[in-house]
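The lines below spell out each chain.
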Amino acid sequence: MDNNDIREIIQQNIKKKSHFSDRVMPKFFLFMALISVVITFGIVYTLIFDSIKFFSQVPIREVFSTNLSPLSREPSFGFLPLLNGTFLTTIIAMLVAVPVGMAAAIYLSQFASPRLRKVLKPVLEVLAGIPTIVYGFFAYSFVTPLLMRLIPSLGAKNVLSPGIVMGIMIIPMVASLSEDAMNAVPTIMKEGAMGLGSTRLETTTKVIIPASISGIVASIVLAVSRAIGETMIVTIASGSSKNFTFDITQSMQTMTAYIVEFTSGDAGSGTVGYYSLYAVGLILFVFTLGMNLIAQHIARKYREEY
Amino acid sequence: MIDIDQYITKYVYDVKGLNLWYGDNQALKDINMHVMENEITAIIGPSGCGKSTFVKTLNRMIENVPIVKTEGEILYNGRNIFSSKMKVEELRTRVGMVFQKPNPFPKSIYENVVYGPKIHGVKDKKTLMEIAEQSLRGAALWDEVKDRLNDNAYGLSGGQQQRLCIARTMAVSPEVILMDEPTSALDPVATMRIEELMEDLKKEYTVIIVTHNMQQAARISDKTAFFLSGELIEFDKTNKIFANPSDKRTEDYITGRFG
Amino acid sequence: MRDRNTEDFVFEEEVYSMNEKIKKPVKSQVTFNKNRISRRIFLNNSAKHLFSLSTVFAMVVLGILLYQIVSGSIGWLDWQFLTSNLSIFPEKAGIKGAIIGTLFLMMIVIPVTLVLGVATAIYLEEYANEGRIQRLIKINISNLASVPSVIFGLLGLTVFSRMLSLGSSILAGGLTMSLLVLPIVVVAAQEALRSVPGFLREASYGMGADKWTTIWRVVLPVSIPGILTGAILAISRAIGETAPLVVLGIPTLIMKIPSGIMDDFTVMPIQIYYWTLDTVLTPEYAYLASATIVVLLVTLFVLNSVAIIIRNKFQKTF
C-alpha cells in the first residue's frame, strides 16, 4: 500500500469524523462528577429537612436537658446524655491515641531504621484496615472482662473499654498523619540542629515538632472527628443507658449508638422519636464536618510554610 | 496539461509575522521564515531561545499549554493552520512529531506503530500489518524487531525506542516530520543511526529538526535557522550559515562564544 | 576521633554519624561538660526506647486481638459453618447467607463506585479547568470522606429505603455502601491518572488524537493498576462496614438465602454484630462471632494482598 493511499484514507476519515465525543464527553464527566455533590446536598437536605420537624415539636430547652427517654409514655428528648457519652468516649480514645500515635510517629520518622520501618508500617496499616465491628467485639468480649479484673465495679457495658479500644483503632491514623507531617520538615533544618551537636531527641522536640506542629494538630483534630463518628465499637460495648453521668465505669449512649438503636428498633416513621434521629444526625454531621474543615485549614497553613 | 506546481517555488510552511506569548512573556518575536519541500531544516540556538516553542507551534502542540497566545500566520501548503477550517487532527496527521525523549506507549511494538492509523479509522488487520511493516522498514527498525512485534516497546533500547517513535509517526503517512532534539537522550551510536535515517527520510518527507548540537545541524540539514531570545536571527543555507554567517551573533554562537 | 576516650567517642557517634554530609567535627571553643553530655545521651536513649515501646504496643495489641479471635473460632470454623444457613442453635448455625449477601452487595458496589468514581476522577484530572466547579467537587469529595458512616446509613434509610421504597434490600444497601466508599475510588483514580506521564499524552496528541481518544486508549490503560488498587481498598472497606447497613434496618435473623437484588440480606459484619449482642443470652454466639471475624479478616487480607501485588507488579514501567 502506498503512502499516498494511507494518507488519503486517513484524511477522508478525519473529514468524516463527527466531533461528538469532544462535545459530549466533558459534559458527561461533569455530570458524573456532580453526582457526588448531589449526594452531599442530599445528606444535608435530609438531615436538615427532618431535623426541622423535630425542632418544631420539641422545645429547645428540652433538647438541652439531661432527660432522654424517647420511648416512654411522655417522651423527653434531652440530648445532653448523648453529647456526654460521645464526649467521654472521645476523650478516653484521645488519651490513648494521641500519646501512643505521636510516639509511634516520632519513632518511625526519627529513630527507626528504614528496614524496621518497612516492617512496622504494614503492621499499622493492618491495624487501620480492621473493620470497626471487630474492634467492637474485641472491646466487649476481651477488654471489658480484662478491665473488670482491675475495676470490679465496672459494668458489662461501660464507656472506658470502648474508649480505649477506639483509641487503639485510631493510633494508626494519628501515627501516619503525624509521621507525614514530620517527614515534610526539610532535611536541612534537621541537619542544622544535628550539626550543632543536638541529640535526636533534642532535634525532635526543638526542631521537628515545632516545625510540623500544624500537621500534627491537624491529625489530632481528624482523629477527634473520627472518634466522634465511630459507631460500632460504642454501640456494642458501651450500651444504651441514657443516664447523664461522668462515671466512666457505667454504660452510656453516644450519638452514633442512639441512631443505631433507634433505626434498628421500630420507631415508626413520622413520630417525634423518628425525627430525633435526624436531629442527632445533624449535630453529629456538623461536629465532624466542622472538625474536618478545621483540620484542612490547619493543614493548608502548614503546607504553605515550606 | 502543465503541472503548475513544477514552476512555482513550493513552500510547505510559510511563517508570517509569528508572535507568541506565555502569559505576559513573549517567547517568539515576529518570526518570518519558510520551509521547502523535501528538505531538512535545522533550528539551532541556545536553550530558552524559543526553538522548541517554534516547532511545537507548527503542529499546534503548543496549544496544550493553556496560557499561550499567538499572533500572525503560519501557512501550511497555503492554508493558515490557525484558521477554524483547519482541524487540528488533520494538521497533526499531516505533520508528525518526534519528541526529545523516546515516548513509546506501554504497549506492544506493533500496537505502537498502528496507533495512528487505528485511531483514525483504519480497521482492516491486513492493511494495518502492511502499514506496520512499511513504517518499521522506513525507520530502519524492521530487521531488529520483526520477530517480536508483540513484545512490549519498553523492552527496546533507547535508540530503538526513538526509531519506533519515528516509525509510529510515519505510519499515518505525514508530509512533514517535526523533530524536537530527537537524539539528545541517546548515546552516540544510536544518534548516528538516526542521523543516517534522516537522509532517507528526506526523500519522502520534509523534516524540521530542532537541535542543540551544531555539528548535527551542519551534517544533516539543508537549511539552518538560528534563534536567539525568541528572535530569528539568521536563516539561510546550512553551508552559508556555518561557513560565512552574515550576522555577528550567529558567528559568535557557532564559534562557541556563548550558548 | 579515634584517639579520644570512649565516652567522647560515643558522643560523636551519636551526633555525627547520623549525618553523612558533615564529616569532620567542627573545632569548637566550647568545653563540653561530660556529665551534661552523657545525661543528654541518656535522655535520648530512654526516649528512643519509650517511643519504640509505643510502637511495640500497637503490635502487641494486634497480636492479642488476632490470638483471641482465632482461638475463639477454633472448633467452630469448619466447612459446615461456611455452608450452613443461619440457625438459633449455635451448633447448626452457619454463614452461607452472609457470604452470599456480601457477594450480592459487591455486585452493586463494584460497578456503581467504579463508574462514578473513575468518571469523577477523569473529570477532575482531565477535563476540569481550575475554577469554582472543580473546587466545589474537590472540597466536596474530601469532606464526604470524613462523614461518619452512620450518617450515610441515615441518607440510605431516607432516600433509598423510604423515598424509593427499596426497604432493606440488597439494592438499597449496595447503593448506600457505594456512596460511602466513593471518595476512596475517586482519590485513588485521581492519583492513578495524575501519575500517567505527560509524554504519553503528548505522543498521542502528536498523532492527531483528540482528548477522549487519548484518555481511552493511552491514559486509562496505563492507570488501570492504580485504579484497581483503589477499587480493591474501597471494596474491602465496604465488606467490613456495618453501621450504614444496621441503620437501614436489616432484620436480625434472616434464614432465607437472597436470590436477587430486591431481597433482604445479611452480611458478615451484621452477623458478627447480632451474635455479639446476643452473647448475653447464648454465650456460644461469641464463638460464632469469632469464626465469622476470621472469615471476614481472611477475606480482607486476601483482597489487600491482591492490591499490593497489583501495585508492585505494575509499578514504574517508565
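Source: prediction; values computed, not measured.

*Asks:* Can you help me understand the overall build of chain B in this one?
*Replies:* Across its full length, chain B holds 11 helices and 10 strands. Of all intrachain contacts in chain B linking residues separated by at least 6 positions in sequence, the fraction that spans at least 24 positions is 66%. Summing over all exposed atoms, chain B offers an accessible surface of approximately 11400 Å²; the carbon and sulfur share of this is 48%. Each charge class in chain B can be summarised by its mean position, and for the 33 positive and 36 negative side chains these summaries are 4 Å apart.

*Asks:* Help me understand the interface of chain B and chain A, please; the structure alone is not making it clear to me.
*Replies:* One frequent convention defines the size of an interface as the accessible area lost when the parts assemble. Contacts between chain B and chain A engage 20 residues on the former and 13 residues on the latter. Buried area between chain B and chain A, summed over both chains or domains, comes out near 1500 Å², and the portion from carbon and sulfur atoms is 48%. The largest share of the area that chain B buries against chain A comes from Lys87, Glu89 and Ser173 of chain B, three residues that together contribute 31% of it. At the junction of chain B and chain A, the tally comes to 1 salt bridge. For the salt bridge of Lys17 of chain A with Glu89 of chain B, the shortest nitrogen-to-oxygen distance reads 3.3 Å. For the pair chain B and chain A, the number of links is 7 residue pairs in polar contact (both at pLDDT 80 or more). For the side of chain B that touches chain A, the secondary structure elements donating two or more residues are helix 2 (88-94) and helix 5 (125-138) of chain B. Residue classes in the side of chain B that touches chain A are distributed as 7 nonpolar, 6 polar and 7 charged.

*Asks:* Would you explain the layout of surface pockets in this entry?
*Replies:* Empty space among the atoms becomes apparent when a probe as large as a water molecule is rolled across them. The volume enclosed by the second largest pocket comes to roughly 640 Å³. In terms of lining residues, the second largest pocket is bounded by 17 residues, among which Glu63 and Asn64 of chain B together with Glu126, Tyr205 and Lys211 of chain C are the most central. In terms of residue class, the lining of the second largest pocket is built from 6 nonpolar, 2 polar and 9 charged.

*Asks:* Got a minute to help me understand the interface of chain A and chain C in this structure?
*Replies:* Across the boundary between the two partners, chain A contributes 76 residues, which contact 77 residues of chain C. Here chain A and chain C share an interface that buries about 6800 Å² over both sides, 77% of which is from carbon and sulfur atoms. Viewed at the interface, chain C and chain A are joined by 2 salt bridges. Where Arg40 of chain C meets Glu202 of chain A, a salt bridge forms, and the shortest distance between an N and an O atom there is 2.7 Å.

*Asks:* Where do I start with the packing of helix 4 (residues 96-127) of chain C against helix 5 (residues 132-144) of chain C in this structure?
*Replies:* Packed helices, taken two at a time, are described by their axes: the angle between them and the distance between them. Residues and elements named next belong to chain C. Two elements in contact, helix 4 and helix 5, have axes separated by 10 Å at closest approach and are oriented at 135°. On the basis of the axis angle, helix 4 is oblique to helix 5. You can see that helix 4 and helix 5 cross each other, and the crossing is left-handed. For the pair helix 4 and helix 5, contact is made by Thr120, Tyr123 and Leu124 and by Ile133, Gln134, Ile137, Lys138 and Ile141, respectively. For the contact of helix 4 with helix 5, the class distribution of residues is 5 nonpolar, 2 polar and 1 charged.

*Asks:* Would you mind going over the pattern of salt bridges with me for this structure?
*Replies:* Opposite charge on two side chains permits them to pair, given that their charged atoms come into close proximity. Tallying each qualifying case throughout the model produces 28 salt bridges over all chains. Among the ionic contacts, a cluster of salt bridges with common partners joins Arg79, Glu90, Arg94 and Glu175 of chain B.

*Asks:* Looking at this structure, I do not really get the domain arrangement of chain C. What am I missing?
*Replies:* All names here are of chain C. Each assigned domain of chain C is listed here: domain 1 (6-73) and domain 2 (79-314). In this complex, domain 1 contributes 5 residues to the contact, which on the side of domain 2 involves 6 residues. Between domain 1 and domain 2, the buried area comes to about 410 Å², and carbon and sulfur atoms account for 80% of it. Together, Ile69, Gly72 and Ser73 form the three largest contributors to the area buried by domain 1 at its contact with domain 2, with a combined 83%. Linking domain 1 with domain 2 are 0 salt bridges, by the criterion used here. Taken together, the connections running from domain 1 to domain 2 amount to 0 residue pairs in polar contact (both at pLDDT 80 or more). Looking at the side of domain 1 that touches domain 2 residue by residue, the classes come out as 3 nonpolar, 2 polar and no charged.

*Asks:* Is there a simple way to explain the confidence of the model for chain C in this structure?
*Replies:* The predicted coordinates should not be examined in detail at positions where pLDDT is low. All names here are of chain C. Here chain C averages 84 in pLDDT, while 87% of its residues score no lower than 70. Across chain C, the element-wise mean pLDDT spans from 42 in helix 1 (residues 6-16) up to 94 in helix 8 (residues 198-206). Note on residues 1-22: pLDDT under 50 across the span, and 31 contacts to partners over four residues away in sequence or across chains. Overall fold confidence (pTM) sits at 0.86, and the ipTM for the predicted complex is 0.90.

*Asks:* Any chance you could explain the environment of Gly116 of chain B here in plain terms?
*Replies:* As for its position among the elements, Gly116 of chain B is in helix 4 (residues 115-119). Separated by 89 residues in sequence, Gly116 of chain B and Tyr205 of chain B have C-alpha atoms that sit 17 Å apart. If we skip the residues at most four places from it in the chain, Gly116 of chain B touches Val172 of chain B together with Met207 of chain C.

*Asks:* Before we go on, may I ask you to explain a nonpolar patch on the surface in this structure?
*Replies:* Residue and element names in this part refer to chain C. Together, Leu50, Leu53, Val56, Val60 and Ile64 line one region of the surface with nonpolar side chains, adding up to about 420 Å² of accessible area. With respect to the element layout, Val60 can be found in helix 2 (residues 34-73). A relative accessible area of 43% means that Val60 is categorised as partly exposed.

*Asks:* Sorry if this is basic, but what is going on with the packing of helix 9 (residues 200-229) of chain A against helix 2 of chain C here?
*Replies:* Taken N-terminus to C-terminus, the directions of helix 9 of chain A and helix 2 of chain C make an angle of 75°; their axes are 8 Å apart at the nearest point. In terms of orientation, helix 9 of chain A and helix 2 of chain C fall into the roughly perpendicular class. In this structure, helix 9 of chain A contributes Arg200, Leu201 and Glu202 of chain A to the contact, and helix 2 of chain C contributes Arg40, Leu43, Asn44, Ala47 and Phe51 of chain C. Considered class by class, the residues forming the contact of helix 9 of chain A with helix 2 of chain C number 4 nonpolar, 1 polar and 3 charged.

*Asks:* What's the story with helix 6 (residues 149-163) of chain C in this structure? I'm lost.
*Replies:* Think of an α-helix as 3.6 residues a turn; residues three or four steps apart then line up on the same face. Residue and element names in this part refer to chain C. Over its 15 residues, helix 6 runs 20 Å from end to end, which matches the ideal 21 Å to within 8%, given 1.5 Å per residue. At Gly156, helix 6 shows its largest bend, some 35°. For helix 6, the buried fraction is high: 12 of the 15 residues fall into the buried class. Along helix 6, the residues that are buried comprise Ser149, Val150, Ile151, Phe152, Gly153, Leu154, Leu155, Gly156, Leu157, Thr158, Phe160 and Ser161. Phi turns positive one or two residues past the end of helix 6, at Ser165, with a value near 50°.

*Asks:* Even after reading the chapter, I still don't get unusual backbone geometry, so can you show me in this structure?
*Replies:* Note: most residues except glycine have negative phi, and most peptide bonds are trans. Residues and elements named next belong to chain B. Despite not being glycine, Ala140 shows a phi value in the positive range, around 55°. Mapping Ala140 onto the fold places it in the loop between helix 5 and helix 6 (142-145). One non-glycine residue, Ser173, lies in positive phi territory at about 50°. Here Ser173 shows up in the loop between helix 7 (158-170) and strand 7 (176-180).

*Asks:* What exactly am I supposed to notice about the packing of aromatic side chains here?
*Replies:* Between two aromatic rings, the relevant description is the distance of the centres plus the angle of the planes. Counted under the stated rule, the structure contains 23 aromatic pairs over all chains. Centroid distance Phe81 of chain C to Trp275 of chain C: 6.4 Å. Interplanar angle 35°. Geometry classified as tilted. Placement of the pair is Phe81 of chain C in helix 3 (residues 79-83) and Trp275 of chain C in helix 11 (residues 268-277), with a sequence separation of 194 residues. An identical accessibility class is assigned to Phe81 of chain C and Trp275 of chain C; each is buried. Aromatic rings pair up to connect Phe54, Phe55, Phe77, Phe79, Tyr258 and Phe262 of chain A into one cluster. Seen from the ring of Trp21 of chain B, Lys69 of chain B lies directly overhead, with NZ or CZ sitting 5.3 Å from the centre. Lying across the ring of Phe105 of chain B, Arg168 of chain B places its NZ or CZ 4.6 Å from the centre.

*Asks:* Any chance you could explain the pairing of strand 8 (residues 206-210) of chain B here in plain terms?
*Replies:* Looking along a regular strand, one sees the side chains alternate between the two faces of the sheet. All names here are of chain B. Most of strand 8 is tucked away, with 5 of its 5 residues classed as buried. Residues Thr206, Ile208 and Val210 point to one face of strand 8 and Val207 and Ile209 to the other, with burial holding for every one of them. As defined by bridge partners, strand 3 (residues 40-44) adjoins strand 8 across 4 bridges and the pair is classed as parallel. The residue bridging Thr41 from the neighbouring strand is Ile208, located in strand 8. Taken together, the 5 bridges between strand 7 and strand 8 define a ladder with parallel strand orientation.

*Asks:* Hey, could you run me through the environment of Phe262 of chain A in this one?
*Replies:* All names here are of chain A. Tracing the backbone through its elements, the reader meets Phe262 in helix 11 (residues 255-264). Residue Phe262 is classed as buried on the basis of its relative accessible area of 5%. Sequence-wise, Phe262 and Arg115 are 147 residues apart; in three dimensions their C-alpha atoms are separated by 49 Å.

Conventions adopted
Residues numbered from 1 in each chain as written. Chains lettered and ligands numbered in written order. Predicted model: local features only at pLDDT ≥ 70, side-chain atom pairs only at ≥ 80, totals over all residues. Heavy atoms only, no water. Helix = DSSP H or I, 4+ residues; strand = E, 2+ residues; numbered from the N terminus. Contact = heavy atoms within 4.5 Å. Areas by Shrake-Rupley, 256 points an atom, 1.4 Å probe, with all protein chains shown as cover. Lys, Arg positive; Asp, Glu negative; His and termini not counted. Charge placed at Lys NZ, Arg CZ, Asp CG, Glu CD. Buried area = accessible area lost by both parts, 1.4 Å probe. Salt bridge = Lys/Arg side-chain N within 4 Å of Asp/Glu carboxyl O. Polar contact = N/O pair within 3.5 Å; in protein donor to acceptor, adjacent residues only side chain to side chain. Nonpolar A, V, L, I, M, F, W, Y, C, P; charged D, E, K, R; others polar. 1 Å grid on protein atoms, 1.4 Å probe; cavity = no way out; pocket = protein on both sides within 12 Å on 5 of 7 lines; lining within 4 Å. Points joined across faces, edges and corners; volume = space filled by probe spheres on them. Axes fitted to C-alpha atoms, helices over the stretch in contact; angles between N-to-C directions. Parallel < 35°, antiparallel > 145°, perpendicular 65-115°, else oblique. Left-handed = near helix turned anticlockwise from the far one by under 90°. Domains from an automatic or database assignment. pLDDT = per-residue confidence, 0-100. Patch = residues over 30% accessible without salt bridge, like charges linked within 9 Å, V, L, I, M, F, W, Y side chains within 5 Å. Buried < 20%, exposed > 50% of the residue type's maximum accessible area, 1.4 Å probe, protein only. Expected span 1.5 Å × (residues − 1). Bend = angle between axes of the 7 residues up to and from the residue. Phe/Tyr/Trp six-rings, centres within 6.5 Å; stacked < 30°, edge-to-face > 60°. Lys NZ or Arg CZ within 6 Å of the ring centre and 35° of its normal. Pairing = 2+ DSSP bridges.

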